[in-house]
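Survey of secondary and tertiary structure
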Amino acid sequence: MEVLGQSVVYRNPYPGFRSRVASASSACWSRAGAPSGYLLCAFRLGEAKMSPDGRATVRASHDLGVTWVDRPSPLGSAGDGANEAGIHLGADSSGTTILAAARMRMAMPGTSDWSDEAAGIVDADAVVVRAAAGEGWAMPEILDHRRCEGEWAIACGPPLALGSSRWILPMERHARADRQDWLRRYHAFAALSDDDGRTWPRTVATLNDPDGRLAHYDQRMTLLGDGRLLTVAWVHDVVDDATRTARAGISDDGGATWSRPFDSGIVGGPINPITLRDSRILAVYNRRTLPTGVRASLSEDDGATWREEFVIYDEARRAVVGEPAGDGKPASRDPGLWTAMWGWTFGTPTPVELPDGSVAVTFFATGFDIVSAIHRVRLQP
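Residues numbered from 1 in each chain as written. Predicted model: local features only at pLDDT ≥ 70, side-chain atom pairs only at ≥ 80, totals over all residues. Heavy atoms only, no water.

1. Structural notes on the overall build of the protein chain
Summing up its helical and strand segments, the protein chain has 1 helix and 27 strands in all. Considering the protein chain as a whole, with its 381 residues, one finds that 57% of them fall into the buried category. Residue pairs in contact within the protein chain that sit at least 24 positions apart in sequence constitute 51% of those at least 6 positions apart. When the 40 positive and 48 negative side-chain charges of the protein chain are each reduced to one mean point, those points stand 2 Å apart. (Helix = DSSP H or I, 4+ residues; strand = E, 2+ residues; numbered from the N terminus. Buried < 20%, exposed > 50% of the residue type's maximum accessible area, 1.4 Å probe, protein only. Contact = heavy atoms within 4.5 Å. Lys, Arg positive; Asp, Glu negative; His and termini not counted. Charge placed at Lys NZ, Arg CZ, Asp CG, Glu CD.)

2. Concerning unusual backbone geometry
The omega angle of the peptide bond from G269 to P270 is -10 degrees, so this bond is cis rather than trans. Of the consecutive residues L290 and P291, the connecting peptide bond is found in the cis state with omega at 0 degrees. Its identity as a non-glycine residue notwithstanding, D241 has a phi of 55 degrees, on the positive side. Secondary-structure assignment places D241 in the loop between β16 (229-237) and β17 (242-243).

3. What about the packing of aromatic side chains?
One pass over the structure, following the stated rule, counts 6 aromatic pairs. Aromatic pair Y186 and Y217: ring centres 4.7 Å apart, planes at 75 degrees, arrangement edge-to-face. Of this pair, Y186 sits in the loop between β12 (166-175) and β13 (187-193) while Y217 sits in strand β15 (residues 214-223), placing them 31 residues apart in sequence. Take Y186 and Y217: they sit in the same class, and that class is buried. (Phe/Tyr/Trp six-rings, centres within 6.5 Å; stacked < 30°, edge-to-face > 60°.)

4. Description of the sheet that holds strand β3 (residues 38-46)
The antiparallel open sheet is built from 4 strands, whose spatial order is β2-β3-β4-β5. Edge positions in the sheet fall to β2 (21-30) and β5 (69-71), since each of these pairs with one other strand and no more. Between one strand axis and the next, the sheet turns through 30 degrees on average, direction left out of account. Pairing geometry for β2 and β3, over 8 bridges, is antiparallel. Residue pairing in the sheet places S23 in a bridge with R44 of β3. (Pairing = 2+ DSSP bridges. Axes fitted to C-alpha atoms, helices over the stretch in contact; angles between N-to-C directions.)

5. Quick notes on the pairing of strand β18 (residues 247-251)
Most of β18 is tucked away, with 4 of its 5 residues classed as buried. Bridge count for β16 against β18 is 5 bridges, and the pairing is antiparallel. When the sheet's bridge partners are listed, T231 is paired in β18 with G249. In the sheet, β18 pairs with strand β19 (residues 262-263) via 2 bridges, with the strands oriented antiparallel. Note on β19: the bridge partner recorded for R247 is D263.

6. Quick word on the sheet that holds strand β25 (residues 346-353)
Read from one edge of the open sheet, 4 strands run β1-β27-β26-β25, paired in antiparallel fashion. The outermost strands of the open sheet, each flanked by one partner alone, are β1 (2-11) and β25. Sheet twist, expressed as the average angle between the axes of neighbouring strands with direction ignored, equals 20 degrees. The pairing of β1 with strand β27 (residues 372-380) spans 8 bridges and is antiparallel. Residue R11 lies in a different strand from β27, and its bridge partner there is A373.

7. Overview of the pattern of salt bridges
Following the criterion strictly, the structure yields 27 salt bridges and no others. Measuring nitrogen to oxygen at the nearest pair gives 2.7 Å for the salt bridge that ties R130 to D196. Pair noted here: R130 is in strand β8 (residues 121-131) and D196 is in the loop between β13 and β14 (202-205), with a separation of 66 residues, a long-range link. In this structure D196 comes out as buried when scored by relative accessible area, which is 10%. Salt-bridge contacts for R277 lead to E353; the nearest nitrogen and oxygen are separated by 3.1 Å. Taken together, the positions of R277 in the loop between β20 (271-275) and β21 (281-287) and E353 in strand β25 put the pair 76 residues apart, joining distant regions of the chain. (Salt bridge = Lys/Arg side-chain N within 4 Å of Asp/Glu carboxyl O.)

8. Considerations on the environment of D241
Note on D241: relative accessible area 26%, which makes it partly exposed. For the pair D241 and G86, spaced 155 residues apart in the sequence, the C-alpha separation amounts to 22 Å. Among the polar contacts made by the side chain of D241, one reaches the side chain of H236 at a distance of 2.8 Å. (Polar contact = N/O pair within 3.5 Å; in protein donor to acceptor, adjacent residues only side chain to side chain.)

9. With respect to the environment of I266
With respect to the helices, strands and loops of the structure, I266 is situated in the loop between β19 and β20. Residues I266 and A215, spaced 51 residues apart in sequence, show a C-alpha to C-alpha distance of 16 Å. Non-local contacts of I266, meaning those with residues more than four positions away in its chain, are made with T245, A246, I271, Y285 and W306.

10. Quick notes on the pairing of strand β7 (residues 97-106)
By the criterion of burial, β7 is predominantly enclosed, with 9 of the 10 residues buried. Here strand β6 (residues 83-91) runs beside β7; their pairing, made up of 7 bridges, is antiparallel. Across the sheet, the residue bridging to H88 is A100, located in β7. Pairing analysis gives 10 bridges linking β7 to β8, with the strands arranged antiparallel.

In structure tokens, the structure reads:
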């Protein structure tokens, strides 16, 4: 692999004047409001990594990501004063674009509902908005797929087109942090649409641990060349508070049922896979155990094995490096997941294949100057 170039999608233009934390980025090809395709990147902006003022922000590029311009947010009428986070974009070959985000209601520090581990989140649901090719965004729709009052459900990965107007949206359910063993009540599932993303009435379980010990977080999916689906999960042992190697699963019926999880060997997550035009699978992901950063790997056997781990961004150097991964010096104990995630300085890498076979990868990162930005790197897989 090789880094061919890089650019900045967004950087706070006045960091000394106002706080703007950019995170939760996602990118796709889009034809929303335009006859021809362009790169669309959506991300969260707020005063803090998790704050009630978080809003989905959208920028577009018509030169493969070299330069970017502002676009109106399609969630402008759906905020309801709630924190918009976990932004995810997907598009299909016909030009339909779908944006999904979490709409979170938050407690204030010092109140009875506040939880440090959950960063004050007390309730959440998913908001989805759709644009057909050449048309503007429709009105946002709220997806409430909670099974009971004591949990909340959000999208956790990009919407994926399956063909014939069918889509699948990875989602996850979390119990309220005031419930006993709330981390063991995690449940991964997906919402299905049969009408080109207009409605999402059906849900199906994805990869889960029946004992609740191993949370299969942030599952992201890709459609394989033979029509099967691959999902890859960031696996965390919630009892020992330790990240395990990522697991994957296969569905041969459009996501209705899944194989038993198998070990991918990838250390990190969330993991975003895409199927390249030559049928290889490229996965980009965060490595949260030392040495930390944004990495990429390739699979030539539909996700069964991965090779050529490549460092796109190195957190220690706070820079795009573009080099093969070394062993590094692992820590004896990594920080606890739920206590560390609100301070992460990089993450959410998303790959998009470009017309020449190269790949644009967007992610957020904070430099040594403490200014956060959304970056785009062009990668030759």
